[in-house]
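Coordinates in review
So you can see what is in the structure, the chains are spelled out below.
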Amino acid sequence: MPHAAELSENARKRLDDNPLRVLDSKNAKDQELASSAPPILDILDDADRAHWQGLCRHLDALGVPYRVEPRLVRGLDYYTRTLFEIQSSAGSLGAQNALGGGAATTP
């Protein structure tokens, strides 16, 4: 990684065992550096892009509102394909508004 030496100590440790978790760092400098990384949607292969587009079509057809978060890294170390997180819109829960999450996968 071109800016590895500029990352926080915790992020540098993550580079070895789970580099995508660097995108999830709460450190301001790490976030600044990660913001220059290409969005994951820009580097999907053909099969994953077709899966993603199909999922979006289904959600649209069902009228399910969603927001694309290209930097969501929930469980990328063990999930595959499309990650999701369901959040509450009730009240002001701040960072604790996630009700659940997982991955939309195909065999």
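As a reminder, the structure under discussion sits directly above these lines.
Below: a short report on this structure. (Residues numbered from 1 in each chain as written. Predicted model: local features only at pLDDT ≥ 70, side-chain atom pairs only at ≥ 80, totals over all residues. Heavy atoms only, no water.)

**Brief notes about the overall build of the protein chain**
Spelled out, the test is: Secondary structure elements are defined from DSSP: runs of H or I of at least 4 residues count as helices, runs of E of at least 2 residues count as strands, and each element is numbered from the N terminus. Type-normalised accessible area, obtained with a 1.4 Å probe on protein chains alone, sets the label of each residue: buried when under 20%, exposed when over 50%, and partly exposed for intermediate values. Whether two residues touch is decided by their heavy atoms; if any such pair falls within 4.5 Å, the residues are in contact. Only the protein chains shown count as cover for residues, and all accessible areas are computed by the Shrake-Rupley method using a 1.4 Å probe.
When its secondary structure is counted, the protein chain shows three helices and two strands. Along the protein chain, helices and strands appear, N-terminal first, in the series α-α-α-β-β. Of all 107 residues assigned to the protein chain, the portion counted as buried reaches 19%. Within the protein chain, contacts between residues at least 6 apart in sequence are counted, and of these 36% link residues at least 24 apart. Here the protein chain displays about 7700 Å² of accessible surface, and carbon together with sulfur accounts for 53% of that area.

**With respect to helix α3 (residues 46-62)**
What counts, and what does not: What a helix should span is 1.5 Å times the count of its residues minus one. In the analysis that follows, any N or O atom pair within 3.5 Å is treated as a polar contact, provided that within protein one partner can donate a hydrogen and the other can accept it, and provided that, for residues neighboring in sequence, both atoms belong to side chains.
For α3, spanning 17 residues, the distance from its first C-alpha to its last is 24 Å, which sits close to the expected 24 Å at 1.5 Å a residue. Burial in α3 covers these residues: His51, Trp52, Gly54 and Cys56. Measuring from the side-chain oxygen of the N-cap residue of α3 to the backbone nitrogen of Ala47 gives 3.2 Å; that N-cap residue is Asp45. Backbone geometry just after α3 places Gly63 at a positive phi near 75°.

**Quick notes on the pattern of salt bridges**
Selection criterion: Salt bridges are identified by distance alone: a Lys or Arg side-chain nitrogen within 4 Å of an Asp or Glu carboxyl oxygen.
Across all of its chains, the model carries two salt bridges by this definition. For Glu6, the salt bridge is made with Lys29, and the minimal N-O distance between the two is 3.9 Å. You can see Glu6 sitting in the segment before α1 (9-17) and its partner Lys29 sitting in helix α2 (residues 28-34), a full 23 residues away along the chain. Given the relative accessible area of 39%, Glu6 is considered partly exposed. One salt bridge in this structure joins Lys13 and Glu9, with 3.5 Å as the shortest N-O distance. Taken together, the positions of Lys13 and Glu9, both in helix α1 and four residues apart, correspond to about one turn of that helix.

**Looking at the side chain of Ser8**
Residue placement: Ser8 occurs in the segment before α1. According to the relative accessible area criterion, Ser8 is buried, its value standing at 18%. Each residue touching Ser8, except ones within four places of it in the same chain, is listed here: Asn27 and Asp30.

**Digging into the environment of Pro70**
Relative to the helices and strands, Pro70 is located in the loop between α3 and β1 (82-87). Overall, Pro70 belongs to the partly exposed group, its relative accessible area being 34%. Separated by 30 residues in the primary sequence, Pro70 and Ile40 have C-alpha atoms spaced 6.1 Å apart. Setting aside chain neighbours within four positions, we find Pro70 in contact with Pro39 and Ile40.

**Quick notes on the side chain of Ser25**
As for its placement among the helices and strands, Ser25 is situated in the loop between α1 and α2. In this structure the side chain of Ser25 is engaged in a polar contact, spanning 3.1 Å, whose partner is the backbone nitrogen of Asn27. Discounting residues that sit within four places of it in the chain, Ser25 has contacts with Arg14, Asp30 and Gln31.

No statement about biological role is implied by the geometric values presented.
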